[in-house]
Amino acid sequence: MTPTGTPSTRHDDGPLRERRDVLALVAAEARRARTGSGRMTVLRGATGIGRSALLEAVAADGAAHGMRVLRARCSAEDSGTGFATAAQLLGRCAEAGDADRNGLDRYWRLLRSAAAESPLLLAVDDVHLADHLSRRWLTEAARRLDELAVLIVVTERSQYDITPPAPGLAHALSPTLVRVHTLAPLSRPAAESVLRDRFGPHVPDAWVDGCVRACAGNPLLLRALLDDLGSPTRAGHAAAAFPDSCADLYPGAFPAAVAWWLESAGTATAAVARALAQLADQEDGVELLAGVAGADPARVSGWITAMQRLGLLRPGGPHDDPGTDPGPGPEPGPGRVRFAHPLLRDAVLDGWPRPQRQAAHQRAAAFRHRRGDTAEAVAGHLLQTPLVGTEWAVDALRDAAATAVRDGRAGDAVDHLRRALDEPMARDRRAEVLTELGALEFTALRSAGIPRLTEALRLREQPRERVQAAVALSSALAQRGETHAAFDLLQSLGLDGELADEPLLTRTVRMASALLSDHDPEVRRTVYAGLLDTAARAPALLGPAEQSLLVRYEVTVGLLTADQAMRRIRALLAAPEDPVLTPYLIGTAAAVAQWADALDDADRLVGLGLAGQRLSPLHPMHRALLNVQLDTEVARGRFTPVLADAEGDGVPADRAAADGPSNLRAHSLLALVESGRLADAERLAGQVDVQDAHDSWELNRFLYARGVLRAASGDLKGALDDFLDCGRRQTVRQVLSPVVTPWRSAAAECLLALGFPQRALPLAEEEHRLAAAWNTPRVLGRALRVLGGASGGRRGDELTAQAVEILRGTPHHRELVAALISRGRQLTAAGQRTEARTLLREAAATAERLGAVRLLARAEQALGEGGARPRTARGTGVGALTDSERRIARLAAAGRTNAEIAELHHLARRTVETHLTSTYRKLGIRRRSELPTALDP
């Protein structure tokens, strides 16, 4: 020490950084001891805080000032040997017994004798590991040091551990006899200076922040990490990213230092620390950690608080940005916490064998199951474990899968069910899981699922369960284009007589066959021929579900009016039906209601079928109901939901179609065309493989939609080919009514535009005949409009005027706009320009309000042809929205927040707000809740 009493060792560098205050304290105690009045000083601190280095500096300074230094380093190995620490200081006293008063006195006399020769400094490191008798001797010596020129400086670990430590050395001493100083972690500036001393002044801020957080100011961890890190920058290279994994460290000093830190803390603390690191994705706290580690919850709570104060843990979840300071918040406590940096978390887990990690998740799953946590919380742990061997594990995984399906997270549901198959279970239960999994894999992820369904069918033994499994497998086969195989599979169920005494199951097979036959015209003709024959021979064998199929068939061949169909459907819905067959009845009724423009009834039935019946994704009616839901939206002219599905993952009914044609893709093409987005429509059409598609009703619908696109793009010949191909395929299926697809009207319009009115007229007349038989405004108004154009002359004018009259006042605004345009052109050609302009301006205003860009352009073109001055630029309505405004408005209408929209489109939040403000003005609305209606009037 210097003559002025300050330590002579430089203490602003290396392990003594920020230790000036404690060195000054010890220097003052040393001066006092040299005058003959000694005392004890205890230097306390956490593992790795630098206690030993500080003690060495104190000893060196004491020796430099003429003090004789006696050293002892305590260890767990010597803790059972009496007076082991005292013997390191003063030599083994042969006359002293290990446990008698004589030994304590002997070592006191040795100390007095040594102090008489020169001032002494006794430096004892890790006194918390000292043997009991040595600790007692040090305590008694501290009470009598005021007589001697002796300074006792001891270091003591004072970290909070799960297992309560023994009382500290100073706990029984008066503050007048002992000075206690607790060493704090390095401050951020001090840690930063160490880093810049190692790597230079231009070290990236991300590295500074990473080192500070990963080491929490602990000198041991900081030095070890610096030994592992290479230089963050090299000449001519960009700065390297700060590592998040110990795999990026060499030679591994940092994970070794963390392992030693955990070992020093004890097995109980290490267990809690590793549990916290392993379960970092769980939003839970003290109880879970305590349950997994087998620790006292009160001690776990205290440990979390202590580790937050040390900086090793931080409040927040595992996904918080480690480079972002959480800012001011509550005091440290046992709430949700994480390790201060991912690298520190990884080091805690480093070297922890995978089986032990899995065992931690298994204990967590069992704990949360006993506590009654949600199935998804339990299943999240089970996904990280091998076989558990309990029924509750399967229950939790299946329940979690069901929740994931309801939330639209099919991938998560598949993960849960795949894990469930690892567990032992009864034959029937395994078949259930295989069926659920196969259905999800097939319909949601476009991956194989048929082998799972096949195995499920093999495991089924009871007739009812075999039928259910066969229906699911047949549905998958039909959707994949193997309709004949699906039909044969269903028919095979009755070949061995197992359904002979099961009329309900026989009816179920019949209904499933009928629904799946829509994927193949030959199978469809066979199935409906059988139904019609049964209806003629033994009508009592057909219940309400089968009779609803016959109503649907009669509608498609043009034998019923809409009123007749709906009266029969309502009567069938009121009749009693077995719950197994009720979904078939509901789904078929919903389809007929949608065709009849009873859209509210269709919505109600779809909701009842999807929500009330909880159908499997591969139940034939699940797909059918989803398609009716889509058709109903389009019938109302609401294209926004269709485009939202197309731009996302698609509705579940569509996902199994892979790149082939589907109902959703057909409606998406129509929506894009009506919105004026022809380039997007062309791209979508180009992505769909029509050449190799199987001959399903969805191919027919897509051909019609592609024809509409080609017509709008000017390819009238290509459009005509698509419409006629669609019609040929529909006719082969005995689907004649335009309620399904109005291909005749579309083909007639192409022929008129190509200059072939003689060929157009028969198609238009047949369409009108069928539409008049069905007799709903939407279908009849369209047919009258096209027939009016094909007929020409006074009859044509009358038919088109009749179309306008029928459609006016109905919710079919788009059909009305088309009829107004046709009638306006007829009036213009007849020289009645004033009347024509009135109708055409009405058409333009309605189209603008609808956002029907294509119809609006046609109306404006017709106005121009009639000599009307061009309208001023549109400033209101859906059509006035820019592409960006339209995209943002759709997301906002779907419930997205401004922050979520900004993140999705990589925009500033203010930009989103500006777009929405402009959108509100153009749509004439004042609040967000009005967006859905305004976008789809």
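This structure is a prediction, so every number in the text was calculated from the model and none was measured.

Trainee: Just to check I follow, could you spell out the overall build of the chain for this structure?
Mentor: The secondary structure content of the chain amounts to 45 helices and seven strands. C-alpha atoms of the chain, sized along the principal axes, occupy 135 × 75 × 45 Å. Out of the 937 residues belonging to the chain, those deemed buried represent 53%. Here the chain displays about 40300 Å² of accessible surface, and carbon together with sulfur accounts for 51% of that area.

Trainee: Just checking my understanding: could you explain helix α41 (residues 853-865) for this structure?
Mentor: An α-helical turn contains 3.6 residues, so a residue and the one three or four places further along point in the same direction. Across its 13 residues, α41 extends 18 Å between first and last C-alpha, which sits within 8% of the 18 Å expected from 1.5 Å per residue. Where α41 is buried, its residues contact α31 (663-674), α39 (813-829) and α40 (833-850). Taken from the residues just after α41, Gly-867 is the one with a positive phi, measuring 90°.

Trainee: Explanation requested: the nonpolar core in the structure shown.
Mentor: Soluble globular proteins tend to bury their nonpolar side chains together. Counting residues in each nonpolar core, the largest one holds 138 residues, and the members touching the most others are Leu-490, Val-555, Tyr-584, Leu-669, Phe-723 and Trp-774. Once residues lying within four places of it in the same chain are set aside, the contact partners of Val-555 are Leu-560, Ala-565, Trp-595, Ser-737, Val-739 and Trp-774.

Trainee: Looking at this structure, how should I read the pairing of strand β4 (residues 150-157)?
Mentor: Across a regular strand the side chains alternate sides, sitting on one face of the sheet and then on the other. Of all eight residues making up β4, eight are buried, and the element is well covered by its neighbours. In β4, alternate side chains face the same way, and those of Val-150, Ile-152, Val-154 and Glu-156 on one face and Leu-151, Val-153, Thr-155 and Arg-157 on the other are all buried. Looking at chain direction, strand β1 (residues 39-45) and β4 are connected through seven bridges and run parallel. From the neighbouring strand, Met-40 faces β4, where its bridge partner is Ile-152. Here strand β3 (residues 120-125) runs beside β4; their pairing, made up of five bridges, is parallel. When the bridges of β4 are listed, Val-124 appears paired with Val-154. Where the polypeptide runs from β3 across helix α5 (residues 132-142) and back to β4, its parallel neighbour, the crossover connection is right-handed.

Trainee: In this structure, what is going on with the pattern of salt bridges? I would like to understand it.
Mentor: Any two side chains of opposite charge can pair, so long as their charged atoms come close to each other. With the rule as written, the count across this model stands at 62 salt bridges. Arg-429 serves as the salt-bridge partner of Asp-395, at 1.9 Å between the closest nitrogen and oxygen. Placement of Asp-395 in helix α16 (residues 391-406) and of Arg-429 in helix α18 (residues 427-443) is noted, with a sequence separation of 34 residues between them. Look at Asp-395 and you get partly exposed, because its relative accessible area is 33%. For Arg-429, a relative accessible area of 19% translates into the label buried. One salt bridge in this structure joins Glu-842 and Arg-808, with 2.4 Å as the shortest N-O distance. Of this pair, Glu-842 sits in helix α40 while Arg-808 sits in the loop between α38 (793-807) and α39, placing them 34 residues apart in sequence.

Trainee: Please clarify how the sheet that holds strand β5 (residues 178-182) should be interpreted in this entry.
Mentor: Backbone hydrogen bonds hold the strands of a sheet together, and the pairing may be parallel or antiparallel. Strand order in the open sheet made by the five strands is β2-β3-β4-β1-β5, with parallel pairing throughout. Either end of the sheet is taken by a strand with one partner, and the two such strands are β2 (68-73) and β5. The mean inter-strand angle of the sheet, taken between neighbouring strand axes irrespective of direction, is 15°. Its contacts with the sheet put helix α1 (residues 20-34) on β1, β4 and β5, and the angle it makes with β1 is roughly 165°.

Trainee: Teacher, can you tell me more about the packing of aromatic side chains here?
Mentor: A ring pair, where both rings are aromatic, is described by two values, the distance of the centres and the angle of the planes. Applying the stated criterion to the full structure yields six aromatic pairs. Aromatic side chains Tyr-528 and Tyr-553 sit 5.3 Å apart centroid to centroid with 20° between the ring planes, which places their arrangement in the stacked category. Of this pair, Tyr-528 sits in helix α23 (residues 521-537) while Tyr-553 is found in helix α24 (residues 544-556), placing the two residues 25 residues apart along the sequence. Residues Tyr-528 and Tyr-553 agree in their burial class; the two are buried.

Trainee: I would appreciate a short explanation of the confidence of the model for the chain in the present structure.
Mentor: Looking at the chain as a whole, its pLDDT mean stands at 87, while 91% of the residues score no less than 70. Across residues 1-12, confidence stays below pLDDT 50; counting only partners more than four residues off in sequence or on other chains, it has 33 contacts.

Trainee: Explanation requested: the state of the cysteines in the structure shown.
Mentor: Working definition: the covalent bond between the sulfur atoms of two cysteines is a disulfide. Scanning the model with the defined rule gives zero disulfides in all. Lacking any disulfide linkage, Cys-726 is separated from the closest cysteine sulfur, that of Cys-750, by 12 Å.

Trainee: Looking at this structure, how should I read empty space enclosed by the protein?
Mentor: Empty pockets left among the atoms are what a rolling probe the size of a water molecule brings to light. Counted under the stated rule, the structure contains seven cavities of 30 Å³ or more. Taken as a whole, the largest cavity encloses approximately 540 Å³ of empty space. Mapped onto the lining of the largest cavity, the elements with two or more residues apiece are α20 (463-479), α22 (503-516), α24, α26 (582-595), α28 (620-635) and α33 (697-712). Grouping the amino acids of the lining of the largest cavity by side-chain chemistry returns 13 nonpolar, 12 polar and seven charged. In this structure, the second largest cavity spans a volume of roughly 140 Å³. What lines the second largest cavity is a set of 13 residues, and nearest its centre among them are Thr-640, Ser-675, Gly-851, Val-878 and Leu-935. Residues of the lining of the second largest cavity, tallied by class, amount to five nonpolar, four polar and four charged.

Cut-offs used in this document
Residues numbered from 1 in each chain as written. Predicted model: local features only at pLDDT ≥ 70, side-chain atom pairs only at ≥ 80, totals over all residues. Heavy atoms only, no water. Helix = DSSP H or I, 4+ residues; strand = E, 2+ residues; numbered from the N terminus. Buried < 20%, exposed > 50% of the residue type's maximum accessible area, 1.4 Å probe, protein only. Areas by Shrake-Rupley, 256 points an atom, 1.4 Å probe, with all protein chains shown as cover. Expected span 1.5 Å × (residues − 1). Contact = heavy atoms within 4.5 Å. Core = buried A, V, L, I, M, F, W, Y, C linked by side-chain atoms within 4.5 Å. Pairing = 2+ DSSP bridges. Right-handed = clockwise from strand over helix to strand, strands pointing away. Salt bridge = Lys/Arg side-chain N within 4 Å of Asp/Glu carboxyl O. Axes fitted to C-alpha atoms, helices over the stretch in contact; angles between N-to-C directions. Phe/Tyr/Trp six-rings, centres within 6.5 Å; stacked < 30°, edge-to-face > 60°. pLDDT = per-residue confidence, 0-100. Disulfide = S-S within 2.5 Å. 1 Å grid on protein atoms, 1.4 Å probe; cavity = no way out; pocket = protein on both sides within 12 Å on 5 of 7 lines; lining within 4 Å. Points joined across faces, edges and corners; volume = space filled by probe spheres on them. Nonpolar A, V, L, I, M, F, W, Y, C, P; charged D, E, K, R; others polar.

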